[in-house]
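Summary of the model geometry
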Amino acid sequence: MHPLQQLYTDPLIDTNRLSIDPVELKNDIPVLMAVHGAIKPALEQARSAGHVGSSLQSTVKIHVPETADGNHNAVLSVLNKHADELADMFVVSTVYIKTNQDTNSNNLSSDFSFRQECEVHGVKAYVEVHPPEHAKCPRCWRYVAPQEDTLCSRCEDIVQASQ
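Cut-offs applied
Residues numbered from 1 in each chain as written. Predicted model: local features only at pLDDT ≥ 70, side-chain atom pairs only at ≥ 80, totals over all residues. Heavy atoms only, no water. Buried < 20%, exposed > 50% of the residue type's maximum accessible area, 1.4 Å probe, protein only. Helix = DSSP H or I, 4+ residues; strand = E, 2+ residues; numbered from the N terminus. Arc of directions from axis to C-beta. Contact = heavy atoms within 4.5 Å. Expected span 1.5 Å × (residues − 1). Bend = angle between axes of the 7 residues up to and from the residue. Salt bridge = Lys/Arg side-chain N within 4 Å of Asp/Glu carboxyl O. Pairing = 2+ DSSP bridges. Phe/Tyr/Trp six-rings, centres within 6.5 Å; stacked < 30°, edge-to-face > 60°. Lys NZ or Arg CZ within 6 Å of the ring centre and 35° of its normal. Axes fitted to C-alpha atoms, helices over the stretch in contact; angles between N-to-C directions. Polar contact = N/O pair within 3.5 Å; in protein donor to acceptor, adjacent residues only side chain to side chain.

1. Concerning helix α2 (residues 71-81)
- All buried positions along α2 are accounted for by His72, Val75, Leu76, Val78 and Leu79. Projected onto a plane normal to the axis of α2, the buried residues spread over an arc of 160° and lie on a single side.
- Of the surrounding secondary structure, the elements contacted by the buried residues of α2 are α1 (22-48), β1 (59-63), α3 (86-90), β2 (94-98), β3 (114-120) and β4 (123-130).

This is the structure in structure tokens:
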């Protein structure tokens, strides 16, 4: 039998390497995938319009409006749990999580904005793709450096630790 046609019962990675319970992660995946599924088309719209070449040239705002039944809390809980990793998961420079539909929050640059809706656990959320707020880090290429031609804080720490 060809290896690509085999069914594998072993996990692809050793579960001891995970920093989160695999069952918990499995429950979070639908929320993360739904949001990711909205971010990608918005990024493609920005790319087609000539505003970005790379997804790292963007800041993403995820809006999760409050609902009467409280389902928004479950969605926010998952997003907030993974907040430190969302930018890496979605391959963008910065991610903000918003709980209401205030369009003036964070005062992001109005050079461009692309919006895409998604539904997660019955909550009609949406994402917005905006230009990056900071300069490009010459080491990691993320737009999180305080100014042009300087390292971001994460890269600065890594470089200092390696010396």
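Let us keep going from here.
2. Observations regarding α1
- Helix length check: α1 (27 residues) gives 37 Å between terminal C-alpha atoms against 39 Å at 1.5 Å per residue, within 8%.
- At aspartate 28, α1 shows its maximal bend, which comes to roughly 35°, and the proline proline 30 appears one to four places after that position.
- Residues of α1 that are buried: Asp28, Val31, Leu32, Val35, Ala38, Ile39, Ala42, Leu43 and Ala46.
- For α1, the elements touching its buried residues are β1, α2, α3, β3 and β4.
- Among the residues trailing α1, glycine 50 stands out with phi positive, at a value near 85°.

3. Looking at the pattern of salt bridges
- The final tally for this structure, using the stated rule, is 6 salt bridges.
- Of the charged contacts in the structure, one is a salt bridge between glutamate 128 and lysine 61, with a shortest N-O distance of 3.7 Å. Residue glutamate 128 is found in strand β4, and its partner lysine 61 is found in strand β1; the two are separated by 67 residues along the sequence. Here glutamate 128 matches lysine 61 in class, with each residue buried.
- Taken together, the shared-partner salt bridges in this structure form one network comprising Glu24, Asp28 and Lys81.

4. Focus on the pairing of β1
- Burial analysis of β1 places 5 of its 5 residues in the buried class, the great majority of the element.
- Summarising the sheet, β1 and β2 pair through 5 bridges and their orientation is parallel. By the bridge assignment, valine 60 is partnered in β2 with valine 95.
- Sheet topology note: the β1/β4 ladder contains 5 bridges and is antiparallel. Residue pairing in the sheet places histidine 63 in a bridge with tyrosine 126 of β4.

5. Let's talk about the packing of aromatic side chains
- Taken as a whole and judged by the stated rule, the model has 1 aromatic pair.
- Measuring from ring centre to ring centre gives 5.8 Å for phenylalanine 112 and phenylalanine 114, while their planes differ by 45°; the resulting arrangement is tilted. For the pair phenylalanine 112 and phenylalanine 114, one class covers both residues: buried.
- Lying across the ring of tyrosine 126, arginine 115 places its NZ or CZ 3.6 Å from the centre.
- It is lysine 136 that lies over the ring of tryptophan 141; its NZ or CZ is 5.0 Å from the centre.

6. What to know about the sheet that holds β1
- Strands sit in the order β2-β1-β4-β3 across an open sheet of 4 strands; the sheet is mixed. If you trace the sheet from one side to the other, it starts and ends with β2 and β3, each paired once. Neighbouring strand axes in the sheet, compared pairwise and without regard to direction, differ in orientation by 20° on average.
- Across the sheet, α1 is in contact with β1, β3 and β4; its angle to β3 comes to roughly 160°.

7. Comments concerning the side chain of histidine 130
- Within the fold, histidine 130 resides in strand β4.
- Relative accessible area serves as the criterion here: at 7%, histidine 130 is assigned to the buried category.
- A polar side-chain atom of histidine 130 sits 3.2 Å from a polar atom in the side chain of glutamate 128.

The analysis is restricted to geometry; functional conclusions fall outside its scope.
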